[in-house]
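These are the residues of each chain, in order.
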Amino acid sequence: MKKTLDFIEKAAVQKPDLIVFPELFIPGYPIGMNFGFSMGKRTEEGREDWKRYYDASVVAGEEEFQILSEAAKKAGAYISIGFSERDAVIGTLYNSNVIFEPDGSYKVHRKLKPTGSERVVWGDANKGFFPVTETPSGPIGSLICWESYMPLARVALYQKGITIYISPNTNDNPEWQATIQHIAIEGKCYFINADMIIRKDSYPADLRTDDTKGLPYWVCRGGSCIVDPFGHYVTDPVWDEETVIYADIDMELPAACKMEHDATGHYARPDVLKLAVDDK
């Protein structure tokens, strides 16, 4: 939380309209940890580490959210933050992303399908599927990490007319860079790629399991950047460095780019292809 607030305060000096954080920034993405899970078995040490992560997860609307809401108001900006969400009623964890508005209000999106062994930590979204925030720059929305490999989920956002596609993620591979350029072109939107910097020393030193023992120094190298609706880099990917990326973006471009291609508009064939979305 302190790190998040420090970054917001630092960025706010530049009077930004939008500030974007990576996936699970609060309390962190535990790459390499398995929390003692194996097929049909669990360990008590892993259970203790999982409970520690559970306790560090955030309940939407409670104290931490009020602090972040005030930070958004103070900064006068829209703020997107990835966080591990703990459901206050049923207790399940969700890999979530929240977008705060400058008035302190917010919308939460829960990851539709946690990837791989993420499923032993976070549940499938049961609400908050495709929330969109209306801004002076147009509608903005987010898909978390590999949700962007779900073609129909992308279309569900495109159908809402998004001009900025926010992707909090933990993908530091070259294939991901090709993916985000493709999506920016396909959706005729700006793609904000907010990726994690994780070092081996980012983990608590007193974990009960030894999951992090064999990890390299750079567990996730980042690669954060911004891509325009033509698929060109507005800012080049940043690797192996924890920093704030600043950019001015031309919000006339998303509409102008749709002259020849609009995936859910004049370049669609609704008589042949339809998407049904149960957007609870």
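Before going further, it helps to spend a moment on the pattern of salt bridges. Overall, the coordinates contain 19 salt bridges when judged by the stated rule. Here Asp 55 and Lys 51 are joined by a salt bridge, their closest N and O atoms 2.9 Å apart. Taken together, the residues span about one helical turn, with Asp 55 and Lys 51 both in helix H2 (residues 44-56) at a distance of 4 residues. Judged by its relative accessible area of 40%, Lys 51 is partly exposed. The shortest N-O distance in the salt bridge between Arg 110 and Asp 87 comes to 3.3 Å. Separated by 23 residues along the polypeptide, Arg 110 in strand E4 (residues 106-110) and Asp 87 in the loop between strand E2 (78-86) and strand E3 (93-100) bring together distant segments of the chain. For Arg 110, a relative accessible area of 2% corresponds to the buried category. It is possible to trace a salt-bridge network through shared partners that takes in Lys 3, Arg 199, Asp 201 and Glu 242.

One way to put it is that helix H1 (residues 2-12) packs onto helix H3 (residues 63-75) with a least axis distance of 10 Å and a crossing angle of 5°. Between H1 and H3, the interaxial angle falls into the category roughly parallel. Residues Thr 4, Leu 5, Ile 8 and Ala 12 of H1 form the contact with H3, whose participating residues are Ile 67, Leu 68, Ala 71 and Ala 75. Its residues assigned to classes, the contact of H1 with H3 shows 7 nonpolar, 1 polar and no charged.

Right, let's talk about helix H4 (residues 151-158) for a bit. For an α-helix the count is 3.6 residues per turn, leaving residues at separations of three or four pointing the same way. Buried within H4 we find Ala 153, Arg 154, Ala 156, Leu 157 and Tyr 158. Tucked inside the fold, the buried residues of H4 contact strand E6 (138-142), strand E7 (164-169) and helix H5 (174-187).

With mixed pairing, the 4 strands of this open sheet are ordered in space as E1-E2-E3-E4. The open sheet has two edge strands, strand E1 (18-20) and E4, and neither has a second partner. Taking each pair of neighbouring strands and ignoring which way they run, the sheet shows an average axis angle of 30°.

Quick notes on the rules
- Residues numbered from 1 in each chain as written.
- Predicted model: local features only at pLDDT ≥ 70, side-chain atom pairs only at ≥ 80, totals over all residues.
- Heavy atoms only, no water.
- Salt bridge = Lys/Arg side-chain N within 4 Å of Asp/Glu carboxyl O.
- Helix = DSSP H or I, 4+ residues; strand = E, 2+ residues; numbered from the N terminus.
- Buried < 20%, exposed > 50% of the residue type's maximum accessible area, 1.4 Å probe, protein only.
- Axes fitted to C-alpha atoms, helices over the stretch in contact; angles between N-to-C directions.
- Parallel < 35°, antiparallel > 145°, perpendicular 65-115°, else oblique.
- Contact = heavy atoms within 4.5 Å.
- Nonpolar A, V, L, I, M, F, W, Y, C, P; charged D, E, K, R; others polar.
- Pairing = 2+ DSSP bridges.

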